[in-house]
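Here is how the chains run, residue by residue.
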Amino acid sequence: MTDHLHDNCKALLGSLSEYIDGELPSDLCREIEKHLEGCDNCRVVLNTTKRTIDLVHITPEEQTVPDDVRERLFKRLKLDDYLNPQP
Ligand SMILES: [Zn+2]
């Protein structure tokens, strides 16, 4: 297993809805796809997000990841330290 930088995951998750929408420039998409190839966690998040969007049938204009979903996904990735830094 290679070193996994959660910083990359955080950046990726931040642009995930744009990526799913196809709103990102193609070079950025390629970067994300490269990361997804080596990161099971982010693949799970991508699939879960896509499924969530399918389930709730959000219109394209409203197609963003709801805060609570994002928070749950971050927790699953043990990224909640980034969301709620503990002293
Ligand atoms: Zn990742």
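Residues numbered from 1 in each chain as written. Predicted model: local features only at pLDDT ≥ 70, side-chain atom pairs only at ≥ 80, totals over all residues. Heavy atoms only, no water.

A. Representation of the coordination of the zinc ion. Those donors, Cys9 (SG), His35 (NE2), Cys39 (SG) and Cys42 (SG), are the protein atoms that reach the zinc ion, and they lie 2.0 to 2.3 Å from it. Between the 4 donor atoms coordinating the zinc ion, the angles at the centre fall across 102 to 118°, so the site counts as tetrahedral. One chain supplies every donor for the zinc ion, spaced along it as C-x25-H-x3-C-x2-C. Placement of Cys9 in helix α1 (residues 6-14) and of Cys42 in helix α4 (residues 40-56) is noted, with a sequence separation of 33 residues between them. (Donors = N, O, S within 2.8 Å, 3.2 Å for Na, K, Ca; no water. Tetrahedral: all angles 85-135°; square planar, octahedral: opposite > 155°, others 65-115°. Helix = DSSP H or I, 4+ residues; strand = E, 2+ residues; numbered from the N terminus.)

B. Focus on the confidence of the model for the protein. Here the protein averages 76 in pLDDT, and 69% of its residues register 70 or above. By mean pLDDT, the top-scoring element of the protein is helix α3 (residues 26-38) (91), and the lowest-scoring one is helix α6 (residues 80-83) (56). (pLDDT = per-residue confidence, 0-100.)

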